[in-house]
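Tertiary structure, described
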Amino acid sequence: MCGCWGWHRSSERRSQGKVSLGLSRGAGMLSIQWIREAPDEVRAMLERRGTTAPVDAVLERDAERRTILTEVEHLKADRNQAGKAIGKAKDQAERESLIGTQREVAGRIDALDERLRAVEAELHALVSQFPNRLHADTPTGSGEADNQVVRSIGLPRAFDFEPKPHWEIGESLRILEIERATAMAGSRMFALRGQGARLQRALINHLLEQNEEAGYESWYLPNLVREEAMFASGQLPKFRDNLYRDAEEDYFLVPTAEVPLTSLHRDEILDGAVLPLRYTAHTPCFRREKMSAGRDVRGIKRVHQFEKVEIYQFTTPEGSASALEEMIAHAEGLLAGLGLTYRVLQLCSADIGFSAALSFDLEVWAPGAAEWLEVSSISNCLDFQARRANIRYRPEEGKSTSFVHTLNGSSFGMTRVFAAILETYQRQDGGVDIPDVLQHRMGRLMQIEAPTAAGTSA
RNA sequence: GGAGGGGUGGCCGAGUGGUUGAAGGCGGCAGUCUUGAAAACUGUUAGGCGCGCAAGUGUCUCGGGGGUUCGAAUCCCUCCCCCUCCGCCA
């Protein structure tokens, strides 16, 4: 059973936009109580994020909802009393009289219920637009430039030749085929060939297994999901424009494994003893990138389809802070293991994601293009997604339930790690060395060599 | 794709319009008994939303939503999910 009022496709689409009565459980998103009780804090949060959301409209709808609710519930209490009396009444005339009275009450209840449904639908639509609250540790900033470098690990490799960007290396090694891919599928598409395809496969397996060793359980997940899943993790309703959708079946293609991972325990009450749950999954990621038209068009830095390995945790509220540290440290270890130069950025209030309260980005140095590539964003979402997905836990037998905290992070986006590896490990002769940790996954191959003139007509 | 059968509380399972939020059983918890345990017995055992300082109280939930009715787990519509047979298929 789903507790997100009004968000079922059945209620949203099949039933012409009607929603159920009653705000249940998480009420999807930010706690309405918080908006009700501390609207100024909410406004301050929105200000820090550099965004807006309809605080006043929420307050109005919320007040209206509770007024109607009080009235209609009194009427229903009367109705329930009368219903019992009718059931017991032996005398026919008495029965008729009671039923006559109730007929009138029923009409009033219907009218109020209808109004209530409308108000709740509006309230839900409004509150859905609010981003997560910010963690106290998230610094205030006004844009990407205000993200703070927490630490930088490794020195950029020094070259005694002019390093090339990954698209040139990939094309000349015939392991990256952009033209052929775009010919069939449009811009921002690519194909990997031969050792390129093997290298990506090796990376994915390496990362998944490293995650497993660190205690993250593997999952294979749906890559097509319903609207509710997109709502749960926060992609909908605000970021519909960035999602691919199958119009006929009404499925969405996942933009990240975070989406199906969040929905794994939807509507569940977990036993506190099982937390934290550590999960990892590899999925393709599909993104329309409508918002970034014209940006990062070269190479495979920003594409419509790429592979990503994700790490994810469901924790108690007390456990999420250390879980975030743990995930960052783990992901850093993976980058170090690949021999890449990287830095850790703390995202400021204006650059942090919709669902996140506290986030750190991992960026690797790509010496060919001479830029930092974001390969991971690791976030503590607190109870924001748990509310939307209605995921709770019971600390102890007999205790009442609370929402879990969720954390997600990439480990990593393959295209960018792939690009960084090509650029970091390139040689003057055009070949690319394979990082030590991946060699055994590529048949002990130690480098990808430039193709010889013969036998390369295709 | 065609035809049919199902979805009730942690689990099993009753219940076809009126004290049914829901019998009974199992499991869980507490207690009695016992040196202790088991057995037996007794009690207890869902989650939202609203009002309330609280105690408490009202309301909603029998896959989801809507409808009929004074009143729905029970009748109708619709969606989702599970199962069986046929067809197709990696």
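Notes on the structure in this doc start here. Just so it is clear, the structure is predicted and the values come from calculations on it, not from any experiment. Sequence order as written defines the numbering, with residues in each chain counted from 1. Written order determines the labels here, with chains lettered from A and ligands numbered from 1. Totals for whole chains, interfaces and linings use all residues, but because this is a predicted model, local features are given only for residues with pLDDT of at least 70 and pairs of side-chain atoms are given and counted only at 80 or more. To obtain the side-chain values, all non-hydrogen atoms of the structure were used and water was disregarded.

1. What to know about the side chain of Gln 235
Note the threshold: Note on conventions: DSSP H or I runs of at least 4 residues are helices, E runs of at least 2 residues are strands, and numbering of each starts at the N terminus. Burial status follows relative accessibility: with a 1.4 Å probe on protein chains alone, a residue under 20% of its type maximum counts as buried, one over 50% as exposed, and anything between as partly exposed. Polar contacts, as counted here, are pairs of nitrogen or oxygen atoms within 3.5 Å of one another; within protein the pair requires one atom able to donate a hydrogen and one able to accept it, and residues that are adjacent in sequence qualify only if both atoms are side-chain atoms. In what follows, residue pairs with any heavy atoms lying within 4.5 Å of each other are defined as contacts.
Its place among the elements puts Gln 235 in the loop between helix 9 (227–233) and strand 6 (245–246). A relative accessible area of 13% places Gln 235 in the buried class. Among the polar contacts listed, one links the side chain of Gln 235 to the side chain of Ser 233, at a separation of 2.6 Å. Setting aside anything within four residues of it in sequence, one finds Gln 235 in contact with Met 230, Arg 240, Leu 243, Pro 255, Thr 256 and Val 259.

2. Quick look at the nonpolar core
The condition that has to hold: What is meant by a nonpolar core is a set of buried Ala, Val, Leu, Ile, Met, Phe, Trp, Tyr and Cys residues, joined one to another through side-chain atoms within 4.5 Å.
Leu 340 and Phe 412 are the most contacted members of the largest nonpolar core, which totals 54 residues. In terms of nonpolar packing, the next biggest core, distinct from the first, is built from 21 residues, Ile 35, Ala 38, Ala 53 and Leu 347 among them.

3. Regarding the pairing of strand 10 (residues 305–315)
The following threshold applies: Any two strands between which DSSP finds at least two bridges are classified as paired.
For strand 10, the tally of buried residues reaches 10 of 11 residues, placing the bulk of the element in the interior. In this structure, strand 9 (residues 277–286) lies alongside strand 10, joined through 10 bridges in antiparallel fashion. When the bridges of strand 10 are listed, Pro 284 appears paired with Glu 307. Here strand 10 pairs with strand 16 (residues 405–413) via seven bridges, running antiparallel. When the bridges of strand 16 are listed, Gln 313 appears paired with Leu 407.

4. A short note on unusual backbone geometry
For the bond from Leu 275 to Pro 276, the omega torsion is -5 degrees, close enough to zero to count as cis. Topologically, Pro 276 is positioned in the loop between strand 8 (269–271) and strand 9. Cis rather than trans, the peptide bond between Ser 411 and Phe 412 has omega equal to 15 degrees. Topologically, Phe 412 is positioned in strand 16. Not every positive phi belongs to a glycine, and Arg 174 is a case in point at roughly 60 degrees. Looking at where Arg 174 falls in the secondary structure, it is placed in the loop between helix 6 (166–172) and strand 2 (176–177). Judged by relative accessible area, which is 28%, Arg 174 ranks as partly exposed.

5. Digging into the pairing of strand 12 (residues 358–366)
By the criterion of burial, strand 12 is predominantly enclosed, with nine of the nine residues buried. What you see with strand 12 is no split at all: Leu 358, Phe 360, Leu 362, Val 364 and Ala 366 on one side and Ser 359, Asp 361, Glu 363 and Trp 365 on the other are buried throughout. Across five bridges, strand 11 (residues 342–346) lies against strand 12 in antiparallel orientation. Directly across from Leu 345, in strand 12, lies its bridge partner Asp 361. With nine bridges connecting them, strand 12 and strand 13 (residues 371–380) associate as antiparallel partners. Within strand 13, the residue paired with Trp 365 across the bridge is Trp 372. Joining the antiparallel neighbours strand 12 and strand 13 is a turn of four residues, in which Ala 370 adopts a positive phi near 55 degrees.

6. Let's talk about the sheet that holds strand 5 (residues 224–225)
Taken in spatial order, the three strands line up as 5-7-6 in an open sheet, and their pairing is antiparallel. The open sheet terminates on both sides in strands that have one partner only, identified here as strand 5 and strand 6. By the bridge criterion, two bridges tie strand 5 to strand 7 (residues 251–253) in an arrangement that is antiparallel. By the bridge assignment for strand 7, Val 225 is matched with Phe 252.

7. Some points on the packing of helix 8 (residues 195–213) against helix 13 (residues 414–424)
Here is the rule: Here an axis means a line fitted to C-alpha atoms, over the contact stretch when the element is a helix, while the angle between two N-to-C directions is reported on a 0 to 180 degree scale. Small angles under 35 degrees read as roughly parallel and large ones over 145 as roughly antiparallel, with 65 to 115 read as roughly perpendicular and the rest as oblique. Crossing chirality is assigned from the near helix's rotation relative to the far helix, an anticlockwise turn below a right angle marking it left-handed and a clockwise turn marking it right-handed. Throughout, the ten residues Ala, Val, Leu, Ile, Met, Phe, Trp, Tyr, Cys and Pro are labelled nonpolar, Asp, Glu, Lys and Arg are labelled charged, and all others, Gly among them, are labelled polar.
Direction vectors running N to C along helix 8 and helix 13 enclose 115 degrees, while the axes themselves pass 11 Å from each other. As judged from the angle between their axes, helix 8 and helix 13 are roughly perpendicular. Here the hand of the crossing between helix 8 and helix 13 comes out right-handed. For the pair formed by helix 8 and helix 13, the contact residues are Gly 196, Leu 199, Gln 200, Leu 203, Ile 204 and Leu 207 on the first element and Met 414, Val 417, Phe 418, Ile 421 and Leu 422 on the second. In the contact of helix 8 with helix 13, the residues fall into nine nonpolar, two polar and no charged.

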